[in-house]
Amino acid sequence: MNAAARVVVAVVRSPFRFLAAAARGTAMMLRVWRKWVRVQDYREAAEQSEKLADKYTEIRELTLFRWKVTAGSVISLVGLVLVTAWIFGHVAVAVAAGLVALAFAVAGRRREGGPGRKALLAGPRVLMWTMDPQVLVEAFRDAKLIGKDETLRLVERVTRSHGGWAMTIDLPATRKAADVIRNREALASALAVDEIQLIVERVRGTGGHAGRVAVWVADKDPYSGPPRKTPLLAAKRWDAWKPVPFGHDARRRRVDLPLVWTSLLIGAIPRQGKTMAMRLAAAGLILDPCTRLYLFDGKGGKDWKAAESIAHRFVCGDTAEDIQAVRDHLTALVAEVQDRYTRMSELDDEVCPESKITPALSRDPSMTMPITAVILDEVQLFLENPDHGEYIVDLLAYLARKGPAAGIVVILATQRPDSQTIPSRLRSVLGSRFALRVMDWRDSNIVLGEQMNTRGYDASTLLPTHKGVGILRPDGETGSDAPATIVRTDYMANPEWQDICTRGRLLREQEGTLSGHAAGDDGPVVDAAAVVDALDVGSGLPEPLASVVRHLGDALRQREFVPTAELVEALDLDPTSFGRQMGELGCRPVRQYVPATAGESRRVRGYLTADIRAAVENCE
């Protein structure tokens, strides 16, 4: 009975076993096909010879070829089935399908000890034939970013995005995204692409952590081809309070540049697009008839001649008379800034709640506090003048430090970004930085900030053919969580630039805001003595104490404690040297609690402002 029962059960279960075996056989055939189409045999041979990164291009080409073979085979098979059905009828097709199912069932029958599958990359698996997860894992290992026994976790599917491959991965628990960003060049080498084609960013905020990395690999140079035209060409007017369209990143995403509340330093060697970048920033201000422009062109060419028709103050050249005129205009503007602060302090809290300029105040003709841009091209020609250079440095530092809250926007450009040309007391108060190609990493750090090259941002590595491509370190929201972004600036031909300047003058004539040089009034000459002694703060003091005093300003008496990290970052100084020099001046660091996120506090090292004031008194 037992034997008969087993026979009956086997007969009843045989159709289900057949279907299960056929399904397993089908899955097995698909796995075999998948390994073949992914060039697994070629890849394993490359891994054994430790030349996987070198064979990356060949692997991609062979993979694409095998996909084409697969597509051709599928089309041929469908055609064969249709022809068979037409000639021999559906019975022949059914018999053929049954034989194929039988073959799959034989291949998929259960066997003891059958090998399982081991995931090479944790997370969702996708069938991508040109960006394989295993290639990425091996590249991270070759670049020494993870160990041989460590792997990666795929957080988001590998997808096509803007002419490249995008993915989000989690590093092993002991690895940090900052190390991957810093070693981007090594990772690009392991992936066999130029580093300009590789974008690596840490994922911040909700859904991000210190070990989560967003990776994007371009198919080709993302900055090749013709540049984009600036959207400002189609704008009838612009609002200076809105970020100005500036360019796009490698993934063709729009990058806008905030100007109000900050300042901008642009550095590059000649013929890399420095003046074009300045024009883009100025164009948005020109198309706002409620703004004023102070334009000082040290080069003395035609680059800014078209903007003379809308400039409140305009100087073109670097003669002794030109530099003295720049000094006088800046002196008058400093006096105006101090007058603005005095008037804002007397306004009602509803009109001026924080002693800062507001959109309404800047557009009220009766208040005469318009957004005012101070633009100096080839600024080194003014700063190196033996008679007025130091004073111009102090004037610009004051405007960059205290001017933003009063509606002043300082934009400087130089082809000599070194510490002698732009002193630290001026650099430290310039918020946004844009570095096109420079000579070496030192010049790049002068523009972008101390040790930015160790964080993976070095403008000296940009290609000479990449005109208008630079590293932007913005002071404000640009839609990216990265500290800096490689940006290709928009393009604006000379006739288009002249058209924008013409429209800017017409808007001012219609609004009745044309003033200063553009209206035929160069203004009275202001004696330097008319400026309040705010510029003398820190004069005669040794460094770095002088820079600390200038940075703190009124906060030197309003605050009790200032963290060391704030000072070294703002002044672009080496922490070790800074601590030693401050100690020699009698300022010893202490530890105090400062507010942190979520209402908590943390203990940091810093200086008591009372000790800094005492050091100032001892030096006088």
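Since this is a predicted model, take the numbers as computed values, not measurements.

## Focus: the overall build of the protein chain
- The secondary structure content of the protein chain amounts to 20 helices and 17 strands.
- For the protein chain, with 620 residues in total, the buried portion stands at 46%.
- Across the protein chain, contacts joining residues at least 24 apart in sequence account for 69% of those joining residues at least 6 apart.
- If you sum the accessible surface of the protein chain, you get close to 31,000 Å²; carbon and sulfur atoms cover 54% of it.

## Topic: the packing of helix H16 (residues 545-552) against helix H18 (residues 564-571)
- Interaxial distance between H16 and H18 falls to 11 Å at its minimum, and their mutual angle equals 100 degrees. Relative to H18, the element H16 is oriented roughly perpendicular. Between H16, through Ser547, Val548 and His551, and H18, the contact on the second element is made entirely by Glu566, Leu567, Ala570 and Leu571.
- When its residues are assigned to classes, the contact of H16 with H18 shows four nonpolar, two polar and one charged.

## Concerning the sheet that holds strand E4 (residues 212-218)
- Read from one edge of the open sheet, four strands run E1-E2-E4-E3, paired in antiparallel fashion. Strands at the two margins of the open sheet, each flanked by one partner only, are strand E1 (153-160) and strand E3 (198-202). Here the strands of the sheet are splayed against their neighbours by 15 degrees on average, with no regard to which way each runs.
- Note that E3 and E4 share five bridges and pair antiparallel. Counterpart to Leu198 in the pairing with E4 is Val217.

## With respect to unusual backbone geometry
- Glu543 connects to Pro544 through a cis peptide bond whose omega is 5 degrees.
- The backbone phi angle of Arg271 is positive, close to 65 degrees, even though this residue is not glycine.
- Structurally, the position occupied by Arg271 is in the loop between strand E7 (264-267) and helix H8 (274-286).
- Residue classification places Arg271 among the exposed positions, given a relative accessible area of 71%.
- Residues other than glycine seldom take positive phi values, yet Thr368 does so here, at roughly 50 degrees.
- Within the secondary structure layout, Thr368 lies in the loop between helix H10 (359-362) and strand E10 (371-377).
- Thr368 sits in the partly exposed class, given a relative accessible area of 40%.

## Looking at H18
- All buried positions along H18 are accounted for by Thr564, Leu567, Val568, Ala570 and Leu571. Angular distribution of buried residues about the axis of H18 spans 170 degrees; they occupy a single face of the element. Within H18, the exposed residues directed more than 90 degrees away from the buried face are Ala565 and Glu569.
- Buried residues belonging to H18 abut helix H13 (424-427), H16, strand E15 (561-563), helix H19 (575-584) and strand E17 (601-608).
- Directly beyond the C-terminal end of H18, a positive phi value near 55 degrees is found at Asp572.

## A look at the sheet that holds E17
- With antiparallel pairing, three strands are arranged side by side in an open sheet as E15-E17-E16. Only two strands of the sheet have a single neighbouring strand rather than two, namely E15 and strand E16 (590-595). Looking at each pair of strands side by side, their axes are set apart by 60 degrees on average, direction ignored.

## Observations regarding the UniProt feature "binding site: ATP" (unreviewed entry) in the protein chain
- UniProt marks Ala268, Ile269, Pro270, Arg271, Gln272, Gly273, Lys274 and Thr275 with the feature "binding site: ATP" (unreviewed entry), using the numbering shown here.
- Among the structural elements, Gln272 can be located in the loop between E7 and H8.
- Setting aside chain neighbours within four positions, we find Gln272 in contact with Leu436, Arg437, Pro464, His466, Lys467 and Gly468.
- Positionally, Gly273 belongs in the loop between E7 and H8.
- A relative accessible area of 23% means that Gly273 is categorised as partly exposed.
- Residues in contact with Gly273, not counting those within four places in the same chain, are Leu436 and Gly468.

## Structural notes on a nonpolar patch on the surface
- A surface patch of nonpolar side chains, amounting to about 650 Å² of accessible area, comprises Phe18, Leu19, Val91, Val95, Leu99, Leu102 and Val106.
- Broken down by element, the residue count for the nonpolar patch peaks at five residues, all from helix H4 (residues 90-107).
- The topology assignment puts Val106 in helix H4.

The rules we used
Residues numbered from 1 in each chain as written. Predicted model: local features only at pLDDT ≥ 70, side-chain atom pairs only at ≥ 80, totals over all residues. Heavy atoms only, no water. Helix = DSSP H or I, 4+ residues; strand = E, 2+ residues; numbered from the N terminus. Buried < 20%, exposed > 50% of the residue type's maximum accessible area, 1.4 Å probe, protein only. Contact = heavy atoms within 4.5 Å. Areas by Shrake-Rupley, 256 points an atom, 1.4 Å probe, with all protein chains shown as cover. Axes fitted to C-alpha atoms, helices over the stretch in contact; angles between N-to-C directions. Parallel < 35°, antiparallel > 145°, perpendicular 65-115°, else oblique. Nonpolar A, V, L, I, M, F, W, Y, C, P; charged D, E, K, R; others polar. Pairing = 2+ DSSP bridges. Arc of directions from axis to C-beta. UniProt positions renumbered as here; feature names shortened; annotations may be inferred. Patch = residues over 30% accessible without salt bridge, like charges linked within 9 Å, V, L, I, M, F, W, Y side chains within 5 Å. Salt bridge = Lys/Arg side-chain N within 4 Å of Asp/Glu carboxyl O.

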